[in-house]
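Geometric and topological summary
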Amino acid sequence: MPVVRLLNESQTLDVLADLNAILADCVEGGASVGFMSPFSPADAEPFWRGVAAAVGRGEVLLFVAEVEGRVVGTVQIGFALKPNQPHRADLMKLLVHRVARGRGLSKRLMQAAETEAARRGRNLLVLDTATGEPAEALYEKLGWQRSGVIPDYALFPDGRSCDTTVFYKRIG
Ligand SMILES: CC(C)(COP(=O)(O)OP(=O)(O)OC[C@H]1O[C@@H](n2cnc3c(N)ncnc32)[C@H](O)[C@@H]1OP(=O)(O)O)[C@@H](O)C(=O)NCCC(=O)NCCS
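Read on for a plain summary of the structure. Being a predicted model, the structure only gives us computed values, none of them experimental.

Counting its regular elements, the chain contains 5 helices and 7 strands. Ordered by position in the sequence, the α and β elements of the chain form the string β-α-α-α-β-β-β-α-β-α-β-β. Rg of the C-alpha trace for the chain: 15 Å, near the compact-globule value of 16 Å for 172 residues, within the 12% margin. Burial analysis of the chain (172 residues in total) assigns 35% to the buried set. Across the chain, every contact between residues at least 6 apart in sequence was considered, and the portion connecting residues at least 24 apart equals 60%.

Here is the structure:
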């Protein structure tokens, strides 16, 4: 049975190897999540160390999904830090390792992230995602509202151009 947990900084560092493996697997699987191929677990480590530090500063909530003691999925809430956006946060880096997809883990992670963000007083979440990819339909199913598409916003890991869809959701 999968378990979804919210991690502190030291717990994040404890599962660095699993997080590195997830991010590398998603990039090598073709997901447009900020990095280019080739991308190894070692390449992912500076990113996750930065996330751990942000968790320690209280700027980010990091959720993980574990199956049989191994972290196979993750998502983040990044609090908007501007003084005029105390009610807002970004939903970031929903990633599920290919070995664990299709079992409802992303839905569990999204529900946990939205619930905790609301509990901490945020009532507006924003995310962006590659247009036409599986995550886009998932966010719509979970009640997110499509704001629009920005053409050629980013690249896929293989260098192809990638449109981006911006979504928001009112919560709490
Ligand atoms: C998108 C992603 C997070 C989905 O994770 P997952 O754990 O396999 O998703 P779930 O099992 O929770 O499925 C949730 C819903 O999405 C649907 N879905 C998931 N992957 C799908 C796919 N490849 N094609 C069609 N539908 C899909 C499921 O059918 C399910 O819908 P249902 O509840 O009506 O059955 C995963 O494919 C992934 O990590 N992709 C690479 C990284 C990425 O693109 N992240 C998004 C960044 S914004």
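On we go from here.
Another aspect to go through is the environment of Ser32. Topologically, Ser32 is positioned in the loop between α2 (16-28) and α3 (41-56). The exposure class assigned to Ser32 is buried, which follows from the 24 C-beta atoms found within 10 Å. Sequence separation of Ser32 and Pro157 is 125 residues, and the distance between their C-alpha atoms is 6.1 Å.

Below, the discussion takes up the pairing of strand β3 (residues 70-79). Buried residues dominate β3, accounting for 8 of its 10 residues. Where strand β2 (residues 60-67) and β3 come together, 8 bridges link them in antiparallel fashion. Directly across from Leu62, in β3, lies its bridge partner Gln76. A loop of 2 residues connects β2 with β3, the two strands running antiparallel in sequence, and Glu68 in this loop sits at a positive phi of about 50°.

Let us look at the site of the ligand. Taken together, 20 residues form the shell around the ligand, and within it Ala31, Arg101, Ser106, Pro134 and Ala135 come nearest. Of all the elements in the fold, those that place two or more residues in the shell around the ligand are β4 (88-96), α4 (105-119) and α5 (134-141). With 5 residues, α5 is the largest single contributor of residues to the shell around the ligand. Of the residues contributing to the shell around the ligand, the split by class is 11 nonpolar, 4 polar and 5 charged.

Turning our attention to the nonpolar core. Ranked by size, the top nonpolar core spans 42 residues in total, and within it Leu23, Leu62, Leu109 and Ala113 carry the most contacts. Listed by contribution, the elements that provide at least two residues to this core are α2, α3, β2, β3, β4, α4, β5 (124-130) and α5. Residues in contact with Leu23, not counting those within four places in the same chain, are Ala44, Phe47 and Leu95.

Let us now look at the packing of α2 against α3. Interhelical geometry of α2 versus α3 gives an angle of 115° and a closest axis separation of 8 Å. The orientation of α2 with respect to α3, classified from their angle, is roughly perpendicular. Once α2 is placed against α3, the crossing between them reads as right-handed. Of the residues in α3, those touching α2 at Leu16, Leu19, Asn20, Ala21, Leu23 and Ala24 are Pro41, Asp43, Ala44, Glu45, Phe47 and Trp48. For the contact of α2 with α3, the residue count by class is 9 nonpolar, 1 polar and 2 charged.

What holds strands together in a sheet is hydrogen bonding between their backbones, with the strands either parallel or antiparallel. Strand order across the open sheet formed by 7 strands is β1-β2-β3-β4-β5-β7-β6, with mixed pairing between neighbours. Across the chains shown, the open sheet's two edge strands, defined by having one partner strand only, are β1 (3-7) and β6 (145-155). Between one strand axis and the next, the sheet turns through 25° on average, direction left out of account. As paired elements, β3 and β4 share 6 bridges and run antiparallel to each other.

Here the focus is α2. With 13 residues, α2 extends 18 Å from end C-alpha to end C-alpha; this agrees with the ideal 18 Å at 1.5 Å per step. Residues Asp18, Leu19, Asn20, Ile22, Leu23, Ala24, Asp25, Cys26 and Val27 constitute the buried set of α2. Check the buried side of α2 and you find it contacts α3, β3 and β4. Gly30, located one to two residues past α2, shows a positive phi value of around 100°.

Thresholds applied
- Residues numbered from 1 in each chain as written.
- Predicted model: local features only at pLDDT ≥ 70, side-chain atom pairs only at ≥ 80, totals over all residues.
- Helix = DSSP H or I, 4+ residues; strand = E, 2+ residues; numbered from the N terminus.
- Rg over C-alpha atoms; globule rule 2.2 N^0.38 Å.
- Buried ≥ 20, exposed ≤ 12 C-beta atoms within 10 Å, placed from the backbone.
- Contact = placed C-beta atoms within 7 Å.
- Pairing = 2+ DSSP bridges.
- Near = placed C-beta within 6 Å.
- Nonpolar A, V, L, I, M, F, W, Y, C, P; charged D, E, K, R; others polar.
- Core = buried A, V, L, I, M, F, W, Y, C linked by C-beta atoms within 7 Å.
- Axes fitted to C-alpha atoms, helices over the stretch in contact; angles between N-to-C directions.
- Parallel < 35°, antiparallel > 145°, perpendicular 65-115°, else oblique.
- Left-handed = near helix turned anticlockwise from the far one by under 90°.
- Expected span 1.5 Å × (residues − 1).

Remember, this is a structural readout, not a statement about activity or role.
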